[in-house]
Amino acid sequence: MHRGLALAALLLASAPLMAAEPDAARQKSLIHLVRQDCGSCHGLTLQGGLGPALTAARLKGWNPADLAATIIQGRPGTPMPPFKGLLDEADAHWIARQLLAGFPEGR
Amino acid sequence: MPFIISTLLFALSLCLLPLTAGAEPALRGTGDLGIVIERASGSVQIVDTTRQTVLGRVQGLGDLSHASAVFSRDQRYAYVFGRDGGLSKVDLLTATLVRRITQAGNSIGGAMSQDGRLVVAQNYEPGGIKAFDSDTLALVADVPATYGTEGKRSKVVGLADLPGQRFAYALFDAGEIRITDLSDPRNPRTTAYPAGKQPYDGLVTPDGRYFIAGLFGEDGLALLDTWQPEKGVRKVLAGYGKGEAPLPVYKMPHLRGWSIAGGRAYLPAIGRHEVLVVDTRSWEEVGRIPVKSQPVFVMARPDGREVWVNFAFPDNGWVQVIDTLRNEISDTLQPGKAILHMEFTPRGEAVWISARDDNQVVIHDTASHKVIRSLQSDSPSGILFSTRAGRTGF
């Protein structure tokens, strides 16, 4: 039974494009990460800094998968670093959806 | 006549004030004061570095997520530059906000002129520098960082004051170092020098002679001798990455005159977990020190005997200490969660370290490296002491 659950969790983690949502605790730490550590380049309020603003208004028209890919792979030749290894696909997709919807307050 | 009487009365009441109002504050100096930037709540704490206490808090400074500050020459006022373009003048003695203007859309810092009369902001949006009267914060000069043929404006980084009311800075998007002479503020004169790809910050040596821009887009730094700028930019530490693929940089390092110690500059590599050591006479590499992660602040203790280093996310819980005689790591510390900044007391017996995610400023003794005291602070980032007022490049 326990093993079954673990297996299900594993399957979920490896199938990011399916419904996998980071759990509530993870979401909280992702909000913190985006505000603080993306914020060092994009601004705590995401209004921009060395990197462009990441507000819903400015990102309008982006497809979430492309945003997630930018987060995971970074943008070579620019200071936008790849977050691969620190964020998984599910994290990046969740962040992308939140950015498009207007990123949650909190820190 | 009525005027004289009222003046007399006023003078009299002033004399009486200390007697009648028992709560009159004691006189004090400001040389051991400083500020701690509370980045998420838009406030600063006023701190006393002798008694190691918090004296007060000033609120309403806006978005301080990449804030820094400079100090008036009399060390009474701090000028705080906010990410949202706010410029706030804070009185350290009364812990009050004297004046606040919004001078740009996106700003990251500033500098003070040699004579203390101009406070200058460096802006990302709209890209350029702006000079203000340090008394009134009235705009006295606006120098856009325009480049190319289409009137584009570049983000400005690395602003530093030079002797002669001049200011050096670099243009991230244009790859230039510029020097603007504000000795006649109504008539600013700017000269541009090609510098290299994507300068991300700059520093001036403590004597005000050499301006160095760190480059994100290439392995090397751009050096301009401001005594003979016509000679142009020289690349130093060129090719320090040895052609290896750079590691990801999750936070841009910061450069400032604090990295010079004992005739050497200790500089953060970009995309390599190293501190690079250069001789400040020849500007040749004399060594490189492997460190824990991507260095952010590489700061010499005022006596130059040690250099303290903090790191980018996700290794921002660590601090390493370099012994400058041996050019080796002598200590590795974990002062707290999310170490964002460090500031040495004027003569360096202690270093104040901000631990953002612990909501603490941790004060370390620099001889034993032990914690002396911790102060509560709300998401602290920059810690800046008033003695910066007397230093070129701060």
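A quick note: this is a predicted structure, and the numbers were derived from the prediction, not measured.

(A) Spotlight on the overall build of chain B. Within chain B, the regular secondary structure consists of one helix and 34 strands. Expected size for 394 residues packed as a compact globule is a radius of gyration near 21 Å; at 22 Å, chain B falls within 12% of this value. By its C-alpha atoms, chain B is 80 × 55 × 35 Å across when sized along the principal axes. A buried classification covers 58% of the 394 residues belonging to chain B. Counting contacts in chain B only where the partners sit at least 6 residues apart, residues at least 24 apart contribute 41% of the total. Entry remark: accessible area of chain B is about 15900 Å², with carbon and sulfur atoms responsible for 52%.

(B) Structural view of the sheet that holds strand E34 (residues 380–385) of chain B. Residues and elements named next belong to chain B. On the basis of which strands lie adjacent, the open sheet formed by four strands has the order E3-E2-E1-E34 and antiparallel pairing. Sheet topology places strand E3 (53–58) and E34 at the edges, where each strand pairs with a single neighbour. Sheet twist, expressed as the mean angle between neighbouring strand axes with direction ignored, is 25°.

(C) Molecular detail of the nonpolar core. Of all hydrophobic cores here, the largest spans 38 residues; its most connected members are Leu267(B) and Trp283(B). Where this core is concerned, the elements lending two or more residues are strand E14 (156–162), strand E15 (166–171), strand E16 (176–181), strand E18 (199–204), strand E19 (210–215), strand E20 (221–225), strand E23 (264–268) and strand E24 (274–279) of chain B. Aside from chain neighbours lying at most four places away, what touches Trp283(B) is Thr205(B), Tyr210(B), Ile212(B), Leu223(B), Arg234(B), Val236(B), Ala265(B) and Val278(B). Among the nonpolar cores identified, the runner-up in size contains 22 residues, and Leu67(A), Ile71(A), Leu87(A) and Leu99(A) belong to it.

(D) Structural view of the packing of helix H4 (residues 64–73) of chain A against helix H5 (residues 89–101) of chain A. All names here are of chain A. Between H4 and H5, the shortest axis-to-axis distance is 8 Å and the interhelical angle comes to 125°. As judged from the angle between their axes, H4 and H5 are oblique. Note on packing geometry: the crossing formed by H4 with H5 is right-handed. On H5, the residues touching Pro64, Ala65, Leu67, Ala68, Ile71 and Ile72 of H4 are Glu89, Ala92, His93, Ile95, Ala96 and Leu100.

(E) Quick peek at the sheet that holds strand E9 (residues 118–125) of chain B. All names here are of chain B. Here four strands make up an open sheet; going across it, the order is E8-E9-E10-E11 and the pairing antiparallel. Edge positions in the sheet fall to strand E8 (106–112) and strand E11 (139–144), since each of these pairs with one other strand and no more. The sheet shows a mean angle of 20° between the axes of neighbouring strands, direction not considered.

(F) Seen up close, the interface of chain A and chain B. Across the boundary between the two partners, chain A contributes 23 residues, which contact 24 residues of chain B. Surface buried jointly by chain A and chain B totals about 1900 Å² across both partners, of which 56% is contributed by carbon and sulfur atoms. Together, Leu44(A), Leu50(A) and Arg107(A) form the three largest contributors to the area buried by chain A at its contact with chain B, with a combined 28%. Along the contact surface separating chain A from chain B lie one salt bridge.

(G) The pattern of salt bridges, seen in detail. All names here are of chain B. Under the counting rule described, the total for this entry stands at 29 salt bridges over all chains. The salt bridge partner of aspartate 323 is arginine 326, with a shortest N-O separation of 3.3 Å. Look at aspartate 323 and you get buried, because its relative accessible area is 9%. Here arginine 388 ties to glutamate 343 by a salt bridge, and the two come within 2.8 Å at their closest N and O atoms. Of this pair, arginine 388 sits in the segment after E34 while glutamate 343 sits in strand E30 (residues 339–344), and the two are 45 residues apart along the sequence. Connected through salt bridges with shared partners, the residues Glu244, Arg272, Glu274, Glu285 and Arg288 form a single ionic network.

Analysis parameters
- Residues numbered from 1 in each chain as written.
- Chains lettered and ligands numbered in written order.
- Predicted model: local features only at pLDDT ≥ 70, side-chain atom pairs only at ≥ 80, totals over all residues.
- Heavy atoms only, no water.
- Helix = DSSP H or I, 4+ residues; strand = E, 2+ residues; numbered from the N terminus.
- Rg over C-alpha atoms; globule rule 2.2 N^0.38 Å.
- Buried < 20%, exposed > 50% of the residue type's maximum accessible area, 1.4 Å probe, protein only.
- Contact = heavy atoms within 4.5 Å.
- Areas by Shrake-Rupley, 256 points an atom, 1.4 Å probe, with all protein chains shown as cover.
- Pairing = 2+ DSSP bridges.
- Axes fitted to C-alpha atoms, helices over the stretch in contact; angles between N-to-C directions.
- Core = buried A, V, L, I, M, F, W, Y, C linked by side-chain atoms within 4.5 Å.
- Parallel < 35°, antiparallel > 145°, perpendicular 65-115°, else oblique.
- Left-handed = near helix turned anticlockwise from the far one by under 90°.
- Buried area = accessible area lost by both parts, 1.4 Å probe.
- Salt bridge = Lys/Arg side-chain N within 4 Å of Asp/Glu carboxyl O.

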